[in-house]
Amino acid sequence: MVPRNKPYIAFALLAISHGLLLLAGFFAPYDPTSQDRELPFAPPTRVHFIDARHKLHLLPFVYRWRANTTDRGYHEDRQTVYPVRFFSQWHFFATDPPAKIFLMGSDAYGRDQFSRFLYGGRISLFAGLVATAISLILGMILGGAAGFYGRWLDELIMRAAEIFLTLPWLYLLFAVRAFLPLHIAPNGVFLLLISVLGAIGWARPARLIRGVVLSAKEREYVLAARGFGASDVYLLRRHLLPEAGSVILTQAAVLIPTYVLAEVVLSFFGLGVSEPAPSWGNLLANLRQYGVLESYWWIFLPALALVPVFLAYYGVFSYYGYYRGYYFAGDGRDGTRNSLSFMPPAKA
Amino acid sequence: MSPKRARLAKQFTSRCLTIIALSILAAGFVKSRSSAADNEQFLITHDEIGTPGGRLVISQRAEPKTINPLVAIDGSSREIIGLITADLIHINRSSQKTEPALATSWTVSPDGRAYTLSLRRGIKFSDGQPFDADDVLFTFQVYLDERTHAAQRDLLIISGRPIGLRKIDAYTVRFDLAQPYAAAERLFDSIAILPRHLLSHAYEEGRLSQIWNLTTPPGQVAGLGPFRIKEYLPGQRLTLERNPFYWKKDLAGTHLPYFDEVVSVFTGSADAEAMRFQAGELDVVGRLSAENFSALEKHQSAGRFRLYDLGPGFEYNFLFFNLNALSRNDLSRSNFASIIRKQPWFHELAFRRAISAAIDREAINRLAYQGRAYPLSTFVTPADKLWVDRNIPQPSRSVAEARKFLQTAGFSWDNSGRLLDEQRQPIVFSIVFNAANQQHSHAATLIQNDLEQIGMDVQVVPLEFHSLLNRVFESHEYEAAIIQLASGDADPNSDINVWTSGGSAHVWNLGPDHSRKPWEEEVDSLMREQMITVNYEKRKRMYDRVQQLVWENMPLICLVSPNVLAGATERLGNFHPALLSNYTLWNVEELFFHR
């Protein structure tokens, strides 16, 4: 958990991770789709400073992986030293062929997992942000309207929300995919589907926002504003929706990782980003197989690398919620442990 | 001797005498009983003599849907049906030869059209009711009746006419074929003999296809197999118990099967199956994937289980193109227009040969199957020793050759290396495959990369299995696909529906009204002719020619044949996994646990 009083850790983490992803072409040593069929499931390359003759090198170097003859493993060929070259050929680091530098090991086709992780993050994070934005915007409009106007509109929107909550979204996506031709660009299909996913995910945030608006609209300052002749839109914009700020931020912190992970499911059913393009979902999907889980620990590395990214998101939203004067969902500091606590902190 | 000892000795002697007397009585009783049972004809097995008792735990990835042999088409259901029913003549999965089962012997008339089968006498169904020729007659009547929609019906229609059946006496039946039929006795394999006494009523009422599901009370189901249904727990397991009336004995005269129970646990996925096998929760596991096999291999030394790599089986996977005659006017299929535009490429032989030459099958074998597969040129795998044509060259990869093929067919490349057709259109197509099949997914990705090197832009589209089948077999909305077929038997007849035009598995062109090329006409006539040729050498020559034609014309681009991989607990006796399905449990009655 990122400490709330040190938001810069979370901000720095987010900045670094997004910087890496945006500049993937520079930081990734290889093309994410290029295969090395001699090196399937090669473990992460070891970076050395001291060579086999105990000589110290100032710059790091690597040895080349060679396949074992007896099993499916690899060993280092210590005959030749391959220095790690920085800032060569528009890459942050690289080494001389035929040696390869695989920071996170290679996958079943001998593709560099680190490069795939960086390139894959672009589409996955983008998809997560797009879907979350769609869900939250729809949730805010519909939930706000339902809570504020009440009566038949509330009934209508809330019943619709229940329908959307029970919607088998996977089958809906199958149906959407079935209408599209097979050969249209796979990433386009994926973004379309993730938008559909975001659009049908409005129900949960809408219900929470409705709850907040419902309770807030009876507050004295809202009633006072209304008494002064404030319009509905003004009340919603100025008083009611900001009240729901912490709920929205909580939802964002939950939804971004959820939608990024939804991609794993989509990839499994052939609706995700298709090969050879990388995505976080594709990288995690490798872990589905028992044989891979059992034999190649480095396939876990992309999954581990995702944890700080998601934690940073959580930390930033958590801090922002606190800064705005609201407790973050259910942290228990006000003595309650529900997810809807709107009391301002003691200092306010 | 002390008085106490003397008393013990006396007791011991009297007990021994009692035991001997009882044994003599028992022997007399057994003798009189066997003569009373009208010389019950047991089949004596010749494998290792085992110890009766115990429970065998097996697994199924999907729950069986039915135990009705007439309607079962899914693998799980057929596996269970195989344990609770028996056939007249059986194919030994290990030797791949036919052997007596419910028929003790059979004779063929000189013209090869009449088969007379002598049935096993004095044996009973699992509910204790006797079996005779009436049951056989009833069974074939039911299978041949169009109203029951039995999947096996097609097999029993020869040259358009159903097999004729006559009862000679209570234990002899005669089958009449319209034409001599090669390896006709292999037809009887897996035709489960049904109990007339339980089913005749349902048959008359026309509801035979609705009976015998998993919720049917066990008392209302009977078969001639080694086991019978005991209990079904939906989502968890199916328990079978030993059939006390089974008709096989071992060399020591012990009634088979040895196991008291077989429990089938529903595991859901291949990975879950492998994990539970490793944990010792399952005794046998068949159809292991190469990856799981390698993962389990590391734990093999710890004892407990043994793994078996039997080499390539009868399964072959292949890439093929949509050559169906599609109608541009079919408005319900909006995707047809683009497929029709690409079909001239797919019809071009040089295009298919170029793709075959560009594919690195060795890499598919190494990376997708961990080296546990066999690169294929044609559809007959090396497992089919009697029928494989060894003159067909091994596939080899050559990008230069692939480019030459494309060049001669009028394709060209632009400056960025993209392949263009004669109208200067880039070559872009998609390959669909089963998303759940990890090996096919790997193969598709490798092929995509291989074809990129000759300038083709290929998209790989994993599909849910049923949607894949629907696209290939029903709607024809695909451009290229990877699927896997398995010859059900070591005989050319089992592939007849793949190779004859209009066959149900003629996957690349299922339409009935397509114009046949000369080579297709030749394949059709060769397949039909070999079916009615009895002489092996003649049949082999015809089948070799079929393989030759397929290799030259490449309607399918065969990739690899995966090895048959299985595992079993070390204490399992008589375990001889086979290349034919059911790979592991084909001799379940002879399996036992070493004590």
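Residues numbered from 1 in each chain as written. Chains lettered and ligands numbered in written order. Predicted model: local features only at pLDDT ≥ 70, side-chain atom pairs only at ≥ 80, totals over all residues.

Colleague: Any chance you could explain the overall build of chain B here in plain terms?
Modeller: Regarding its fold elements, chain B presents 15 helices and 27 strands. Taking 595 residues into account, the globule formula puts the C-alpha radius of gyration at 25 Å, and chain B, at 28 Å, falls close to it. Once local pairs closer than 6 in sequence are excluded, the contacts in chain B between residues at least 24 apart make up 69%. (Helix = DSSP H or I, 4+ residues; strand = E, 2+ residues; numbered from the N terminus. Rg over C-alpha atoms; globule rule 2.2 N^0.38 Å. Contact = placed C-beta atoms within 7 Å.)

Colleague: Teacher, can you tell me more about the packing of helix α4 (residues 151-166) of chain A against helix α7 (residues 203-216) of chain A here?
Modeller: Residues and elements named next belong to chain A. Across the interface, α4 lies against α7 with an axial gap of 9 Å and an inter-helix angle of 145 degrees. The two elements α4 and α7 meet at a crossing, and its hand is left-handed. Touching Ile 157, Ala 161, Phe 164 and Leu 165 of α4 are Ala 203, Arg 204, Ala 206 and Arg 207, all from α7. Taken together, the residues of the contact of α4 with α7 sort by class into six nonpolar, no polar and two charged. (Axes fitted to C-alpha atoms, helices over the stretch in contact; angles between N-to-C directions. Left-handed = near helix turned anticlockwise from the far one by under 90°. Nonpolar A, V, L, I, M, F, W, Y, C, P; charged D, E, K, R; others polar.)

Colleague: I'm lost on the nonpolar core in this one. Help?
Modeller: Soluble globular proteins tend to pack their nonpolar side chains together in the buried interior. Grouped together as the largest cluster of nonpolar side chains are 231 residues, with contacts concentrated most on Ile 431 and Ala 481 of chain B. With 15 residues, the top contributor of residues to this core is helix α3 (residues 113-149) of chain A. When neighbours within four sequence positions are excluded, Ala 481 of chain B is seen to be in contact with Phe 320, Ile 431, Val 432, Phe 433 and Val 472 of chain B. (Core = buried A, V, L, I, M, F, W, Y, C linked by C-beta atoms within 7 Å. Buried ≥ 20, exposed ≤ 12 C-beta atoms within 10 Å, placed from the backbone.)

Colleague: How should I be thinking about unusual backbone geometry in this particular structure?
Modeller: Most peptide bonds are trans, and most residues other than glycine sit at a negative phi. Cis rather than trans, the peptide bond between Pro 97 of chain A and Pro 98 of chain A has omega equal to 10 degrees. Within the secondary structure, Pro 98 of chain A sits in the loop between β4 (91-95) and α3. Ser 581 of chain B connects to Asn 582 of chain B through a cis peptide bond whose omega is 0 degrees. Relative to the helices and strands, Asn 582 of chain B resides in the loop between β26 (572-573) and β27 (592-593). We note that His 54 of chain A has phi near 65 degrees; this positive angle belongs to a residue other than glycine. For Gln 370 of chain B, which is not a glycine, the phi torsion comes out positive at approximately 50 degrees. Within the secondary structure layout, Gln 370 of chain B lies in the loop between α9 (361-368) and β18 (373-375). By C-beta crowding, Gln 370 of chain B is classed as buried, having 23 other C-beta atoms within 10 Å.

Colleague: I would appreciate a short explanation of the domain arrangement of chain A in the present structure.
Modeller: A common way to state how big an interface is: give the accessible area lost once the parts meet. Once the domains are mapped, chain A shows domain 1 (45-101) and domain 2 (114-323). Each of domain 1 of chain A and domain 2 of chain A has a C-alpha centre, and the two are 42 Å apart. (Domains from an automatic or database assignment.)

Colleague: Can you walk me through the interface of chain B and chain A in this structure?
Modeller: Between chain B and chain A, the contact holds 32 residues from the first and 22 residues from the second. Elements represented by at least two residues in the side of chain B that touches chain A include exactly α5 (270-278), α6 (290-300), α9, β21 (428-434), α11 (438-452) and β22 (457-463) of chain B. A per-class count over the side of chain B that touches chain A returns 15 nonpolar, 13 polar and four charged.

Colleague: Mind showing me how you'd approach the sheet that holds strand β23 (residues 480-486) of chain B here?
Modeller: Hydrogen bonds between backbone atoms are what pair the strands of a sheet, whose relative direction is either parallel or antiparallel. Residue and element names in this part refer to chain B. Read from one edge to the other, the open sheet built from five strands follows the order β22-β21-β23-β17-β24, with strand pairing classed as mixed. Across the chains shown, the open sheet's two edge strands, defined by having one partner strand only, are β22 and β24 (556-558). For this sheet the average axis-to-axis angle between neighbouring strands, irrespective of direction, equals 30 degrees. Judged from the seven bridges that link them, strand β17 (residues 315-321) and β23 form a sheet pairing that is antiparallel. Paired with Asn 317 across the bridge in β23 is Gln 484. (Pairing = 2+ DSSP bridges.)

Colleague: When you look at the environment of Ala 203 of chain A in this model, what are you seeing that I'm missing?
Modeller: All names here are of chain A. Note that Ala 203 resides in helix α7. Spatially, the C-alpha atoms of Ala 203 and Leu 287 are 31 Å apart, while their sequence positions differ by 84 residues. With near-sequence residues (within four places) excluded, Ala 203 lies in contact with Ala 161, Phe 164 and Leu 165.

Colleague: Any chance you could explain the sheet that holds strand β5 (residues 103-108) of chain B here in plain terms?
Modeller: Residues and elements named next belong to chain B. Reading across the sheet, the four strands line up as β5-β6-β10-β9 and stay open at both edges, with antiparallel pairing between neighbours. Lying at the two open borders of the sheet, with one neighbouring strand each, are β5 and β9 (164-169). For this sheet, the mean inter-axis angle between neighbouring strands, taken without regard to orientation, is 20 degrees. Note: β9 against strand β10 (residues 172-176), five bridges, orientation antiparallel. Each bridged residue has a counterpart across the sheet, and for Lys 167 the counterpart in β10 is Val 173.

Colleague: I'm lost on the pairing of strand β11 (residues 227-233) of chain B in this one. Help?
Modeller: Each regular strand shows side chains that alternate between the opposite faces of the sheet. Residue and element names in this part refer to chain B. Where β11 meets strand β12 (residues 237-242), six bridges bridge the pair, whose relative direction is antiparallel. Pairing of Leu 233 across the sheet is with Arg 237, part of β12. Here β11 folds back onto β12 in antiparallel fashion, the turn holding three residues, of which Gly 235 has a positive phi close to 80 degrees.

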